[in-house]
Amino acid sequence: MGITVIGSLNYDLDTFTDRLPDAGETFRANRFETHAGGKGLNQAVAIGKLKRPSSNYSVRMIGNVGNDAFGEQLKGVLNDSSVDTTHVSTCEGISTGTATILIEEKSGGQNRILIVEGANGKTVYDSRQLSRIFPEDKVEEEYVVFQHEIPDPISIIKWLHENRPNFRVVYNPSPFKAMDREDWELIDLLVVNEIEALQILETIFDYKFVEEIKERISDDFIGEYRKVCEVLHKTLIDHKKKGTVVMTLGSRGVLFCSYEDPRVQFLPAIKDVCVVDTTGAGDTFLGALVTQLYQGEKLPVAIKFSTLASSLTIQKKGAAESMPAFESVQNCMK
Ligand code: RIB
Ligand code: NA
């Protein structure tokens, strides 16, 4: 069938400013804009836009919006990116999720995000509903992508593990939420940033081990995170002997390792790009990565494609709308 994203849809309220106000301070920002967002929607749009046009697998979004103008607009953005919205439901009496985003223009487009979950809080399914969303008779490989802007992705992951064991589970623990060790073992492709990676270690291993890593990070940033990546892979994700860990390190680059090649490799980020707005960079990266792996690319090639895709996203304003199409990224690969 293809790739399914289960997650959040947000209406992003973006304020561009030179600096952030202090408590009790008021001053003029530079600009206000609204954009389609939410980690679920962003990743689905990235997958829809970045899948190879000649391939004919489907991309679906599963989630909820409120019965308001925002919700309709967000569904439109998904449809325009060839994402099926049959399972995006409209909930009565609750608003579409929103994200208030402050973008610091003088500090490289860094953002700070406050989300109000709204209808995303209704993205909960029982086993009857899940059987309908994932009919049993599918023989082709299927990827299911999760983030943590809905109440309980783990119970859906557990259901898939028990009922659809051939599906590959992709998880982006953002915003971070602690989980039991066994739950991390249900994930086939873990995509984390460096902060989330340490948060996972802190909840699973003893405090001292993580504190020691943190102390050494300033001396050898890449070297220490290499170890973090290796520990995550060996102890949690490669449990089923097919796991992959990808760790994004912002403007530094990406670390990755997999069952096929457990050595941790590093790909530096693309230098000298004119950063306008980093919102959705991580979601573009993840979406690109999932399409590439689904299409059978080797991990290092997939990582390069994804790095290029997210470097194009940060050069434009907004999240989903700033994502490039497959051809624009493919041209940069040459
Ligand atoms: O990852 C970026 C996204 O996080 C934004 O679009 C915002 O909606 C929040 O969910
Ligand atoms: Na952007």
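As recorded in an unreviewed UniProt entry, the protein goes by the name Ribokinase, listed as coming from Saccharomyces kudriavzevii. In the Function (unreviewed entry) part of its UniProt record, the protein is described as follows: "Catalyzes the phosphorylation of ribose at O-5 in a reaction requiring ATP and magnesium. The resulting D-ribose-5-phosphate can then be used either for sythesis of nucleotides, histidine, and tryptophan, or as a component of the pentose phosphate pathway." Under the heading Pathway (unreviewed entry), UniProt records this for the protein: "Carbohydrate metabolism; D-ribose degradation; D-ribose 5-phosphate from beta-D-ribopyranose: step 2/2."

Chemist: Which parts of the structure should I look at to understand the site of ligand 1?
Modeler: Ligand 1 sits among 13 residues. The nearest are Asp12, Gly38, Lys39, Glu149 and Asp283. At 2.8 Å from an oxygen atom of ligand 1 is found a main-chain nitrogen or oxygen belonging to Gly38. Asp283 is positioned with one of its side-chain polar atoms (N or O) 2.7 Å from an oxygen atom of ligand 1. Alone, ligand 1 offers 280 Å² of accessible surface; in the complex the protein occludes 96% of this.

Chemist: Would you mind going over the UniProt feature "binding site: substrate" (unreviewed entry) in the protein with me for this structure?
Modeler: Following the UniProt record, the feature "binding site: substrate" (unreviewed entry) maps to Asn10, Tyr11, Asp12, Gly38, Lys39, Gly40, Leu41, Asn42, Glu149 and Asp283 here. When you line up the elements, Asn42 lands in helix 1 (residues 39-50). Every residue in contact with Asn42, bar those within four places of it in the chain, is listed here: Ala36, Gly37, Gly280, Asp283, Ala319, Ala320 and Met323. Its place among the elements puts Glu149 in the loop between strand 8 (143-146) and helix 4 (153-163). Dropping the residues within four chain positions of it, Glu149 is found in contact with Ser8, Asn10, Gly38, Lys39, Ile115, Asn120, Ser174 and Pro175. A polar contact is formed between the side chain of Glu149 and the side chain of Ser8, at a distance of 2.4 Å.

Chemist: So what exactly am I meant to see when it comes to the coordination of the sodium ion (ligand 2) here?
Modeler: Under ideal tetrahedral coordination, the four donors around a metal are separated by 109.5 degrees; under ideal octahedral coordination, the six donors are separated by 90 or 180 degrees. Distances from the sodium ion (ligand 2) to its protein donors, Asp277 (O), Thr313 (O), Lys316 (O), Gly318 (O) and Ser322 (OG), fall within 2.4 to 2.8 Å. Judged by its relative accessible area of 0%, Asp277 falls in the buried class. On the basis of relative accessibility, which here comes to 0%, the residue Thr313 falls in the buried class.

Chemist: Would you take a moment to explain the UniProt feature "binding site: ATP" (unreviewed entry) in the protein for this structure?
Modeler: Under the feature "binding site: ATP" (unreviewed entry), the UniProt entry names Asn193, Thr248, Leu249, Gly250, Ser251, Arg252, Gly253, Gly282 and Asp283. If you trace the backbone, Asn193 turns up in strand 10 (residues 189-193). On the accessibility criterion, Asn193 (24% relative accessible area) is partly exposed. In this view, Asn193 contacts Met247 and Thr248; residues no more than four positions away in its chain are not counted. In this structure the side chain of Asn193 is engaged in a polar contact, spanning 2.8 Å, whose partner is the backbone nitrogen of Glu196. Relative accessible area serves as the criterion here: at 3%, Gly253 is assigned to the buried category. With residues up to four places along the chain from it excluded, the contact list for Gly253 reads Met247, Thr248, Phe266, Leu267, Pro268 and Ala269.

Chemist: Which parts of the structure should I look at to understand the sheet that holds strand 11 (residues 244-248)?
Modeler: Pairing is mixed across the open sheet formed by 9 strands, whose spatial order is 5-4-1-8-9-10-11-12-13. Each of the sheet's edge strands pairs with one partner strand only, and the pair in question is strand 5 (88-91) and strand 13 (265-268). On average, each strand axis in the sheet is inclined to that of its neighbour by 15 degrees, with strand direction left out of account. Two elements, strand 11 and strand 12 (residues 253-258), share 5 bridges in a ladder whose sense is antiparallel. Bridge pairing in strand 12 links Val245 to Cys257. Along the sheet, helix 1 contacts strand 1 (2-6), strand 4 (58-66) and strand 8; its crossing angle with strand 4, the most-contacted strand, is approximately 155 degrees.

Chemist: In this structure, what is going on with the packing of helix 9 (residues 281-294) against helix 10 (residues 299-313)? I would like to understand it.
Modeler: Each pair of packed helices can be summarised by the angle the axes make with each other and by the distance between the axes. At a closest axis distance of 8 Å, the pairing of helix 9 and helix 10 adopts a crossing angle of 145 degrees. Considering the relative orientation of helix 9 and helix 10, their crossing is right-handed. Across the interface between the two elements, Ala281, Thr284, Phe285, Ala288, Leu289, Gln292 and Leu293 from helix 9 touch Leu299, Val301, Ala302, Ile303, Phe305, Ser306, Thr307, Ala309, Ser310 and Thr313 from helix 10. Across the contact of helix 9 with helix 10, the residue classes break down as 11 nonpolar, 6 polar and no charged.

Chemist: I'm lost on the pairing of strand 8 in this one. Help?
Modeler: Working note: regular strand, side chains alternate between the two faces of the sheet. Side chains Tyr143 and Val145 of strand 8 all project onto a buried face; the interleaved residues Val144 and Phe146 project onto the opposite face, where all are buried too. With 4 bridges joining them, strand 1 and strand 8 adopt parallel strand pairing. When the bridges of strand 8 are listed, Ile3 appears paired with Tyr143. Where strand 8 meets strand 9 (residues 168-171), 4 bridges bridge the pair, whose relative direction is parallel. Paired with Phe146 across the two strands is Tyr171, which belongs to strand 9.

Chemist: Would you explain the sheet that holds strand 2 (residues 10-17) in this entry?
Modeler: Sheet strands pair by backbone hydrogen bonding; their relative direction is either parallel or antiparallel. With mixed pairing, 4 strands are arranged side by side in an open sheet as 3-2-6-7. Both edges of this open sheet fall to strand 3 (31-37) and strand 7 (110-116), since each of them pairs with a single strand only. Each neighbouring strand pair of the sheet contributes to a mean axis angle of 20 degrees, computed without reference to strand direction. The pairing of strand 2 with strand 3 spans 7 bridges and is classified as antiparallel.

Cut-off values and rules
Residues numbered from 1 in each chain as written. Chains lettered and ligands numbered in written order. Predicted model: local features only at pLDDT ≥ 70, side-chain atom pairs only at ≥ 80, totals over all residues. Heavy atoms only, no water. UniProt positions renumbered as here; feature names shortened; annotations may be inferred. Near = heavy atom within 4 Å. Polar contact = N/O pair within 3.5 Å; in protein donor to acceptor, adjacent residues only side chain to side chain. Areas by Shrake-Rupley, 256 points an atom, 1.4 Å probe, with all protein chains shown as cover. Helix = DSSP H or I, 4+ residues; strand = E, 2+ residues; numbered from the N terminus. Contact = heavy atoms within 4.5 Å. Donors = N, O, S within 2.8 Å, 3.2 Å for Na, K, Ca; no water. Buried < 20%, exposed > 50% of the residue type's maximum accessible area, 1.4 Å probe, protein only. Pairing = 2+ DSSP bridges. Axes fitted to C-alpha atoms, helices over the stretch in contact; angles between N-to-C directions. Left-handed = near helix turned anticlockwise from the far one by under 90°. Nonpolar A, V, L, I, M, F, W, Y, C, P; charged D, E, K, R; others polar.

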